[in-house]
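# A structural walkthrough
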Amino acid sequence: MALVLPVPASVKKIVQLLAASLLLLGSATYVHAATDPFDIGGTNKPNPGDFDDDDDGKAWQEIKAVLPPAPQAANLMSFYVSPTATMNFFIDVNSISADKDGVVRYTLVSKSQGGAENVSYEGIRCQTYESKMYAFGQKDGSWSRARLNDWKQISESSGNRQHAALAKDFVCQDGMVAGKVTEIRDRIRLNRTIKPGS
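Scoring rules and cut-offs
- Residues numbered from 1 in each chain as written.
- Predicted model: local features only at pLDDT ≥ 70, side-chain atom pairs only at ≥ 80, totals over all residues.
- Heavy atoms only, no water.
- Helix = DSSP H or I, 4+ residues; strand = E, 2+ residues; numbered from the N terminus.
- Buried < 20%, exposed > 50% of the residue type's maximum accessible area, 1.4 Å probe, protein only.
- Contact = heavy atoms within 4.5 Å.
- Areas by Shrake-Rupley, 256 points an atom, 1.4 Å probe, with all protein chains shown as cover.
- Pairing = 2+ DSSP bridges.

## Points about the overall build of the chain
On a plain count of helices and strands, the chain comes out with three helices and nine strands. In the chain, the succession of α and β elements from N to C terminus is α-β-β-β-β-β-β-β-α-β-β-α. Counting the 198 residues in the chain, one finds 36% classified as buried. Long-range contacts, defined here as pairs at least 24 residues apart, represent 47% of the contacts in the chain between residues at least 6 apart. Total accessible area computed for the chain in this model is approximately 12200 Å², and 58% of it derives from carbon and sulfur atoms.

Here it is as structure tokens:
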């Protein structure tokens, strides 16, 4: 016959608190995973960068990306990438937005020497020097969601360093968005890059 000892009330209380904490943690994870920063169907897993703290101590939260209209040739402005670039890059200046989450979003068009063209809707987060792909443009003007849409560190090492060129020359300064949207658009239109220390 097994001996059953009485469980102290303090131990019962601790067990109840642990169970409640685990339940709340599970609920919070579900709510975060259900928020999709790009709403054209499907679910999006939370990104590690979503939990970076801002200056005010709150966890960073990405807003939902709103897709712009398909780019028009008249709105495309070229920008210099590098002497070893294998593509020519253009940004649709009308698509540029700078949102309250600190992300600058834009439509990028890349063209090969052979005439192949790629259209993508992307974002740059100046605070962490990362870029993200949201969607790819189709020939009929529609968008298809990017399958790999995690934030990635911007690289300086490749010839096609379009994200680094955009971030350093036009979009970011000292870890922040460099001015208002109109200023970013004007810099790209006039090919007037950000001067170091300005």
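## Thoughts on unusual backbone geometry
Positive phi, close to 55°, is recorded for Y129, a residue that is not glycine. When its relative accessible area of 21% is taken as the criterion, Y129 is described as partly exposed. Here D174, not a glycine, exhibits a phi torsion of approximately 55°, which is positive. Mapped onto the fold, D174 is located in the loop between β8 (172-173) and β9 (176-177). According to the relative accessible area criterion, D174 is exposed, its value standing at 71%.

## Re the pairing of strand β5 (residues 130-137)
Examined bridge by bridge, strand β4 (residues 117-125) and β5 share six bridges and lie antiparallel to one another. Bridged to R125 within β5 is E130. Across three bridges, β5 lies against strand β6 (residues 143-145) in antiparallel orientation. Paired with G137 across the two strands is W143, which belongs to β6. Between β5 and β6, which follow one another and run antiparallel, lie five residues, and G141 among them has a positive phi close to 90°.

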